[in-house]
Amino acid sequence: MCGIVGYIGPRNVKDVVIGGLAKLEYRGYDSAGIATLDNDKVSVVKSVGRLSNLEEKLERTPVGGHLGIGHTRWATHGRPSDENAHPHQDCSGRFAIIHNGIIENYLSLREELLAKGHQFKSETDTEVVAHLIEELYNGDLFATMVAVGKRIKGAYALVVMTKDEPDTIIAMRKASPLIIGLGDGENFIASDIPAVLEYTRRVYVLADGEMAVIHRNSVECFTLAGEAVSKDVLEVTWDAVAAERGGYDHFMLKEIHEQPKAIRDTLTGRIAPDYSRVVFGEELSWTPEFVRSVDRIHIVACGTSWHAGLVGKAVIEQLARIPVDVEIASEYRYRNPIQSENTLIVVISQSGETADTLAALRDAKARGRKVLAITNVVGSSAAREADDVLITRAGPEIAVASTKAYTTQLVVLYLLAVYFAQERGLLDDTLIRELLTGMAALPQAADQVLDTAPQLEQFAKDWSKVEDTFFIGRGVDYYLSLEGALKLKEISYIHAEAYAAGELKHGTLALITEGVPVIALVTQTDLYEKTLSNIKEVKARDAFVLGVTFVGDEALAKSVDQVIYLPKTMPLLSPIVTVIPLQLLAYYAAVARGNDVDKPRNLAKSVTVE
Ligand code: M6R
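Treat the numbers as computed from the prediction; the structure is a model and nothing was measured. (Residues numbered from 1 in each chain as written. Predicted model: local features only at pLDDT ≥ 70, side-chain atom pairs only at ≥ 80, totals over all residues. Heavy atoms only, no water.)

## A look at the domain arrangement of the protein
So, step 1. When its domains are assigned, the protein resolves into domain 1 (3-244), domain 2 (254-440) and domain 3 (447-592).
So, step 2. Computed over C-alpha atoms only, the centres of domain 1 and domain 3 are separated by 45 Å. (Domains from an automatic or database assignment.)

The following block contains the structure:
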């Protein structure tokens, strides 16, 4: 996720672009840059770090003009650096582009363009587009961009300018957001509405597969194939703060709703087009010998990331048959863990800055182990210090309660499990295809499960006064119960406990009395009957049971008080859809209790102390 701003008009272009980027810094902040067209010359200034670094640089290197584009970056391909910051340019310096998304076929395009003599300055996927434009440009930027659209694959919001057409900016959108702010004798482009609200409340929201040709006095919209489309103007009525949250009341709710996209982005380019295998390409430095030699995996993490690790254990053990221990980072390093030569350490951390997790990472490295980091932040300490890194492409997570980071961590762990299994020859082709097509369908399933929100909102309202609640499940549903309980405690302050459903009768059943809410997760087909018996145990003590199961399971409704139905997925992949109602439940319970959802008491987003 990155932030994009463009402007054409009479104002000070630097001020409009930098002001807009400041409103979008929540979308990414590892580097920033600006390109302007001034006196027939494209000037580009970029800087690694926060936007303030770019602003300081611009004081030393001022830019002017009537047209400009700017970008704040959230790195996916290539570390945060001046070179990798956007805008990117072609060899001649005539074009400048900014991009949010992932160009999936950038490696093959790069090879093609290198063979034609183009010279690359960055490690990004984006730069190929600048050179492709240079290669295809025929004096008509619009026609060139239609041709470019036919060559690039993946997700993009792309904005391009050239000194050869000083009254034109072109913006294209496929699976990444873009809006056009409509002014009088001026027009604006941005990833999100807050960036333009200071100047206009009239916007076009570009739909997926659309592009816009923006001049100072006009905006025309087209499909990516170049056919004209007419658009309705959206009159924005939100205030600026609500707009930053995309119109949602809280960042947490926005981030819950971003999960289908985050899951899709995390899968992008990591599954072969024919679903025959997982491809990590240059992301991992592992040799085939190394992959075969791993005899144990220690997953080390904290909080929600630790819960993701538990699901990872279930999936890796089932598919790749490698024993996995999942360790709480603050405990692991103090107990002199037993690691063999061939133990792989996997640290999971959204922020990549959690002190306990970093300490475990450093300890493992000091013992000579290979460390893989799964993190959401490219330039984080975990990403820099680990031997290998797999990035979850969730985009910045602002709310303290982790949501989209968790689901994307699961996606990476699934990919890793299939990768180990395929490289070690443990899965037949049919099962790999079944798993990978199932994974490719997860964004859609995540989207469908968001429809349960009204039911959960009502349930949370009815139930927000309770002080104790229980989450139960078996297998991965138990791990999901732990995450559901943590989310509820963290933001609603309702006491919640998670239990392996079969374990209740060994003590905790004593706490079940009339009306105590029990959330029972029942997505594991092979454990269905057993979990049902455990539900009967709590029902017999008059608990109020909310069951969570797949659509089509009519039987559960007879044993519980209310049911949440999930879209059908393979049981092994179900955690991704099961967790979303649990996040929504916690969210609506916190709202009903009037809590500060995004900043719960006593907690910080990134825990950088031990
Ligand atoms: O950035 P990390 O993933 O390392 O953070 C770990 C935990 O602090 C974090 O997951 C925490 O449990 C969340 N706030 C839970 O929602």
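## What about the side chain of threonine 200?
So, step 1. For threonine 200, the location among the structural elements is in the loop between strand S10 (187-190) and strand S11 (202-205).
So, step 2. Side-chain polar atoms of threonine 200 contact the backbone oxygen of leucine 182, separated by 2.8 Å.
So, step 3. Discounting residues that sit within four places of it in the chain, threonine 200 has contacts with Gly181, Leu182 and Phe188. (Helix = DSSP H or I, 4+ residues; strand = E, 2+ residues; numbered from the N terminus. Polar contact = N/O pair within 3.5 Å; in protein donor to acceptor, adjacent residues only side chain to side chain. Contact = heavy atoms within 4.5 Å.)

## Quick notes on the sheet that holds strand S4 (residues 67-73)
So, step 1. Pairing in this open sheet of eight strands is antiparallel, and the strands run S3-S2-S4-S1-S10-S9-S11-S15 from one edge to the other. Across the chains shown, the open sheet's two edge strands, defined by having one partner strand only, are strand S3 (41-48) and strand S15 (234-235).
So, step 2. Here seven bridges tie strand S2 (residues 31-38) to S4, and the two strands are oriented antiparallel to one another. For isoleucine 34, the partnering residue across the bridge sits in S4 and is glycine 70.
So, step 3. Sheet strands in contact with helix H1 (residues 13-24) are strand S1 (3-8), S2, S4 and S10, and its direction is about 155° off that of S1.
So, step 4. Strands S2, S3 and S4 of the sheet are contacted by helix H2 (residues 51-60), whose axis makes an angle of about 135° with S3. (Pairing = 2+ DSSP bridges. Axes fitted to C-alpha atoms, helices over the stretch in contact; angles between N-to-C directions.)

## What to know about helix H3 (residues 106-115)
So, step 1. Taken together, the buried positions of H3 are Tyr106, Leu109 and Leu113. Down the axis of H3, the buried set is contained in an arc of 65°. They therefore lie on one face. In H3, those exposed residues whose orientation departs by more than 90 degrees from the buried face are Glu111 and Ala115.
So, step 2. Contacts made by the buried residues of H3 are with strand S6 (95-103), helix H4 (127-136) and helix H5 (141-151).
So, step 3. At the exit of H3 stands glycine 117, carrying a positive phi of roughly 100°. (Buried < 20%, exposed > 50% of the residue type's maximum accessible area, 1.4 Å probe, protein only. Arc of directions from axis to C-beta.)

## Notes on the site of the ligand
So, step 1. Taken together, the neighbourhood of the ligand is formed by 13 residues, with Ser305, Ser349, Gln350, Ser351 and Thr354 sitting nearest.
So, step 2. For the ligand, an oxygen atom lies 2.7 Å from a polar atom in the backbone of glutamine 350.
So, step 3. The side chain of serine 351 places a nitrogen or oxygen atom 2.7 Å from an oxygen atom of the ligand.
So, step 4. Mapped onto the shell around the ligand, the elements with two or more residues apiece are helix H10 (303-320) and helix H18 (476-492).
So, step 5. When residues in the shell around the ligand are grouped by element, the largest group, three residues, is from H10.
So, step 6. Of the residues in the shell around the ligand, the class split is three nonpolar, eight polar and two charged. (Near = heavy atom within 4 Å. Nonpolar A, V, L, I, M, F, W, Y, C, P; charged D, E, K, R; others polar.)

## Observations concerning the pattern of salt bridges
So, step 1. Scanning the entire structure with this criterion turns up 30 salt bridges.
So, step 2. Glutamate 123 is the partner of arginine 79 in a salt bridge, and the nearest nitrogen-oxygen pair spans 3.6 Å. Of this pair, arginine 79 sits in the loop between S4 and strand S5 (88-89) while glutamate 123 sits in the loop between H3 and H4; the two residues are 44 residues apart in sequence, bridging distant segments of the chain.
So, step 3. The exposure class of arginine 79 is partly exposed, given its relative accessible area of 48%.
So, step 4. Looking at glutamate 123, the relative accessible area reads 40%, which means it is partly exposed.
So, step 5. Between lysine 487 and glutamate 483 there is a salt bridge, with the nearest N and O atoms lying 2.7 Å from each other. With lysine 487 and glutamate 483 both in helix H18 and four residues apart, the pair spans about one turn of that helix.
So, step 6. Relative accessible area serves as the criterion here: at 1%, glutamate 483 is assigned to the buried category.
So, step 7. Salt bridges linked by common partners bring Arg94, Lys163 and Asp164 together as one network. (Salt bridge = Lys/Arg side-chain N within 4 Å of Asp/Glu carboxyl O.)

## Here's the deal with the side chain of histidine 71
So, step 1. Mapped onto the elements, histidine 71 comes out in strand S4.
So, step 2. In terms of polar contacts, histidine 71 uses its side chain to reach the backbone carbonyl oxygen of histidine 99, at 2.7 Å.
So, step 3. Apart from residues no more than four positions distant in its own chain, histidine 71 is found in contact with Cys2, Gly3, Ile4, Leu21, Ser31, Ala32, Gly33, His86, Ile98 and His99.

## Quick notes on the nonpolar core
So, step 1. Residues Trp286, Ile297 and Phe420 are the most contacted members of the largest nonpolar core, which totals 98 residues.
So, step 2. Of all the elements, helix H14 (residues 404-423) adds the most residues to this core, at 13 residues.
So, step 3. For this core, the domains that each give at least three residues are domain 2 (254-440) and domain 3 (447-592).
So, step 4. What phenylalanine 420 contacts, discounting residues up to four positions off in sequence, is Trp286, Val291, Val294, Ile297, Ala320, Ile322 and Leu344. (Core = buried A, V, L, I, M, F, W, Y, C linked by side-chain atoms within 4.5 Å.)

## Observations concerning the sheet that holds strand S24 (residues 544-550)
So, step 1. Taken in spatial order, the five strands make up an open sheet running S22-S21-S23-S24-S25, and their pairing is parallel. Here the strands that pair on one side only, and so sit at the sheet edges, are strand S22 (495-500) and strand S25 (562-566). Taken over all neighbouring pairs, the strand axes of this sheet differ in orientation by 20° on average, direction set aside.
So, step 2. Sheet topology places S24 next to S25; five bridges connect them, and they run parallel. Of the residues in S25, the one forming a bridge with threonine 549 is tyrosine 565.
So, step 3. On top of the sheet, helix H17 (residues 453-463) reaches strand S21 (468-473), strand S23 (517-521), S24 and S25; it is set at about 150° to S25, its chief contact.

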